[in-house]
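Geometric and topological summary
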Amino acid sequence: MALARPLPTPDHESAEFWRRVGAHALAVQRCGACGTVRFYPRALCPECLNDQPDWVPVSGRGTLYSFTVCYRPASEAFADRTPYIVALVDLAEGVRLLANLVDCTPEQARVGMPVTLAYDDAAPGATLYVFRPEAGAA
Amino acid sequence: MKPAGFRDVALVGVAESDLGRVPGKTAIQLAAEASARALADAGLRKSGVDGLFTFGFGRMGAVQFGEYLRLRPRYSDSSFMGGSTPVAFIAHAAAAISAGLCQVALVCYGSTQASDAARKLGGTPEDPRLPSSQYERPFGLPTPLGAYALAATRHMAVYGTTSDQLAEIAVATRSWAALNPIAMMRGPLTIADVLASPVIASPLHRLDCCLVTDGGGALVITTRERARDLARVPIVVLGVAETHTHQIISQMPDLTVTGAAATGPRAFAMAGLGPGDIDVAEIYDSFTITVLLTLEDLGFCTKGEGGAFVAKQRTAPGGDFPLNTQGGGLSYCHPGVFGIFTVIEAVRQLRGEGGTRQVADASVALCHGTGGVLSSSGTAILGRL
Ligand SMILES: [Zn+2]
């Protein structure tokens, strides 16, 4: 029997982030003082230490910064989807996220290609963000 | 602040424990075994050790190890920043010795990861609240391999680096291992072999990846004055530097530039030397891409030129850039924190103990450790004065 996929365990610094992902409305924090946009969420701005961030909804547009096609799963939980693509995506808002690139063959993936945000309701109460090639990009 | 270096501090003892697959021994035992051998190598007694630098034996590594060997150090350091830690410990120990806080420092490490089968692709289970657990583990990134693969993909896209060029590193390293009687993998290897091995996480093949072995290592460091009365040629600390830049790969600012771009220039400045002065280099080779990035960042070639630099077996025996002369983590051993083995080999080369793999007239060596997912860096430049 396949193992359950590891899912995020929100804590008090990330609960709002994951709540928004669950609502299919990914947002990132922007520092209330210096304006630096940050991922992952944390209580203090890692640049100026201000602790009053705003939440900025993202446009969902991004660029593939890098990727790797995993031919050996990280664990049994990923065996049934192997090979799968893990990607680093630069969002238009200026942050970089790691996530899966889906609806894209290994041959189609290329660094620099435009990608768009989507959501994977991986389990009840646990939604993950994913990226797919922008229409016409792959 | 004067970058005076630590020319009054010397490495006087180095040793490995038994290496490979050592199912009958514990990790702390391997560290102790290496320590005993390193002290014997130095001609020093355990009772003289008053500084202890180790990690990995529970939450208080040096405290646990101190109990095991009944050490009651004046200076204790259980820092851990991944595979670069033992190289950084040279800086920590040199600073402590120079400040008079201890006189004989023992740096040691042991692991039974091969026998424990601990090196699973998904990494070790960690606190679910850590950023790695929340923002990377759910997406199935094989750790640490996948992060290095992401760096390799990026380097290839930006600079045109090829899998053949990465394979050059694995092949040259194997040629050195063939000259080391205690290396695990000594059989012939070709670029075609590397490229024909399975792709685990593109673009990295199985033979782009280090071994998984058991083993331990130890270093004994003291004052140069004390070293005068000891058995071995003292190897002095000319320059050291350390840093870390991120813990998880999404937080690495540029996947083609590692912390070595900071530690290299600082270590060279402290030593008053440059890349052209290095006779032999021992650079952490967790993966072939690790070496390529580090060579560029340390200034042995310009950024993006690493592939051309390692081409035509330049780093193999007989080439003009002797690199990872004991066979590296790719072919000699890799118990998980390879940094200590870069230092052991550098010291042996500088002493002229390299046997059939000895680099002629080696008087200045560079060691570089990389930890985590290109997360931490430590550089040490050592010399025979
Ligand atoms: Zn700020």
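Structural notes, computed from the coordinates. (Residues numbered from 1 in each chain as written. Chains lettered and ligands numbered in written order. Predicted model: local features only at pLDDT ≥ 70, side-chain atom pairs only at ≥ 80, totals over all residues. Heavy atoms only, no water.)

Check the secondary structure of chain A and you find one helix and eight strands. Tracing chain A from N to C terminus, the helices and strands come up as α-β-β-β-β-β-β-β-β. What you see for chain A is a C-alpha radius of gyration of 16 Å, in line with the 14 Å of a compact globule of 138 residues. Once the C-alpha set of chain A is aligned to its principal axes, its extents read approximately 45 × 35 × 25 Å. (Helix = DSSP H or I, 4+ residues; strand = E, 2+ residues; numbered from the N terminus. Rg over C-alpha atoms; globule rule 2.2 N^0.38 Å.)

With that out of the way, let us pick up the pairing of strand 8 (residues 235-244) of chain B. Look at any regular strand and the pattern is simple: side chains alternate between the two faces of the sheet. Residue and element names in this part refer to chain B. When you tally the buried positions in strand 8, you get seven out of ten residues, the bulk of the element. As paired elements, strand 1 (residues 6-16) and strand 8 share three bridges and run antiparallel to each other. In the sheet register, L11 faces strand 8, and the bridge partner there is I235. With eight bridges connecting them, strand 8 and strand 11 (residues 376-383) associate as antiparallel partners. Each residue of the ladder has a partner; that of V240, found in strand 11, is A380. (Buried < 20%, exposed > 50% of the residue type's maximum accessible area, 1.4 Å probe, protein only. Pairing = 2+ DSSP bridges.)

For the rest of this paragraph, the subject is the environment of R384 of chain B. Residues and elements named next belong to chain B. Relative to the helices and strands, R384 resides in the segment after strand 11. Relative accessible area serves as the criterion here: at 35%, R384 is assigned to the partly exposed category. In sequence terms R384 and V233 are 151 residues apart; their C-alpha atoms lie 7.6 Å from each other. For R384, the contacting residues outside a window of four places in its chain are V233, I235, L350, A362 and S363. Engagement of the side chain of R384 in a polar contact is seen with the backbone oxygen of A362, the distance being 3.0 Å. (Contact = heavy atoms within 4.5 Å. Polar contact = N/O pair within 3.5 Å; in protein donor to acceptor, adjacent residues only side chain to side chain.)

Let's shift gears to the sheet that holds strand 2 (residues 37-38) of chain A. Read across the open sheet, the three strands follow the order 2-1-3 (chain A); overall the sheet is antiparallel. This sheet does not close on itself; its edge strands, each paired only once, are strand 2 and strand 3 (54-57) of chain A.

So, on to the state of the cysteines. All names here are of chain B. By the definition in use, this model includes zero disulfides over all chains. C108 takes part in no disulfide bond, and the closest cysteine sulfur, belonging to C102, lies 14 Å away. Looking at C108, the relative accessible area reads 1%, which means it is buried. Among the cysteines around C209, which has no disulfide bond, C210 carries the closest sulfur, lying 6.9 Å off. (Disulfide = S-S within 2.5 Å.)

The next subject is the interface of chain A and chain B. The interface is formed by 35 residues belonging to chain A together with 34 residues belonging to chain B. Both faces considered, chain A and chain B share a buried interface measuring about 2,900 Å² in area, 61% of it formed by carbon and sulfur atoms. Counting across the chain A and chain B interface gives zero salt bridges. For the side of chain A that touches chain B, the elements supplying multiple residues, two or more each, are helix 1 (15-22), strand 4 (61-70), strand 5 (84-91), strand 6 (96-101) and strand 8 (126-133) of chain A. The dominant element in the side of chain A that touches chain B, judged by the number of residues it contributes, is strand 4 of chain A, at six residues. A breakdown of the residues in the side of chain A that touches chain B according to their chemical character gives 25 nonpolar, five polar and five charged. (Buried area = accessible area lost by both parts, 1.4 Å probe. Salt bridge = Lys/Arg side-chain N within 4 Å of Asp/Glu carboxyl O. Nonpolar A, V, L, I, M, F, W, Y, C, P; charged D, E, K, R; others polar.)

Here we come to the coordination of the zinc ion. Residue and element names in this part refer to chain A. The protein atoms that coordinate the zinc ion are C31 (SG), C34 (SG), C45 (SG) and C48 (SG), at distances of 2.3 to 2.4 Å. Every donor counted, the four donor atoms about the zinc ion form angles of 98 to 116° at the centre, which fits tetrahedral coordination. Linear spacing of the donor residues for the zinc ion on their chain is C-x2-C-x10-C-x2-C. Linking C34 in the loop between strand 1 (27-30) and strand 2 with C48 in the loop between strand 2 and strand 3, this pair joins segments that are 14 residues apart in sequence. (Donors = N, O, S within 2.8 Å, 3.2 Å for Na, K, Ca; no water. Tetrahedral: all angles 85-135°; square planar, octahedral: opposite > 155°, others 65-115°.)

This part covers the sheet that holds strand 4 (residues 105-111) of chain B. Residues and elements named next belong to chain B. On the basis of which strands lie adjacent, the open sheet formed by nine strands has the order 3-2-4-7-1-8-11-10-9 and mixed pairing. On the outer flanks of this sheet lie strand 3 (75-77) and strand 9 (280-283), each paired with one strand and no other. Geometrically, the sheet is characterised by an average inter-axis angle of 25° between neighbouring strands, direction not taken into account. The pairing of strand 10 (residues 364-371) with strand 11 spans eight bridges and is antiparallel. Residue pairing in the sheet places T370 in a bridge with S377 of strand 11. On top of the sheet, helix 10 (residues 260-271) reaches strand 1, strand 8, strand 10 and strand 11; it is set at about 150° to strand 8, its chief contact. Of the strands in this sheet, strand 9, strand 10 and strand 11 are in contact with helix 11 (residues 288-298), which crosses strand 10 at around 125°. (Axes fitted to C-alpha atoms, helices over the stretch in contact; angles between N-to-C directions.)

Grouped together as the largest cluster of nonpolar side chains are 116 residues, with contacts concentrated most on L26 and Y129 of chain A together with F65, I249 and F300 of chain B. Of the domains in this structure, domain 1 (14-57) and domain 2 (59-138) of chain A are the two that each give at least three residues to this core. Counting residues in hydrophobic clusters, the runner-up holds 47 residues, among them V9, F55, M270 and V280 of chain B. (Core = buried A, V, L, I, M, F, W, Y, C linked by side-chain atoms within 4.5 Å. Domains from an automatic or database assignment.)

Now for unusual backbone geometry. When glycine is set aside, most residues are seen to have a negative phi, and most peptide bonds are trans. In this model, T143 of chain B is joined to P144 of chain B through a cis peptide bond whose omega is 0°. Summarising the element assignment, P144 of chain B is placed in the loop between helix 5 (131-135) and helix 6 (145-159). In the segment running from S202 of chain B into P203 of chain B, the intervening peptide bond is cis, with an omega of 5°. Here P203 of chain B shows up in the loop between strand 5 (199-201) and strand 6 (204-205). At H24 of chain A, a residue that is not glycine, the phi angle is positive and equals roughly 55°. Along the chain, H24 of chain A turns up in the loop between helix 1 and strand 1. Positioned with a positive phi, D361 of chain B is a non-glycine residue whose angle comes to about 55°. Examined against the element boundaries, D361 of chain B turns out to sit in the loop between helix 14 (339-351) and strand 10. For D361 of chain B, a relative accessible area of 68% gives the class exposed.

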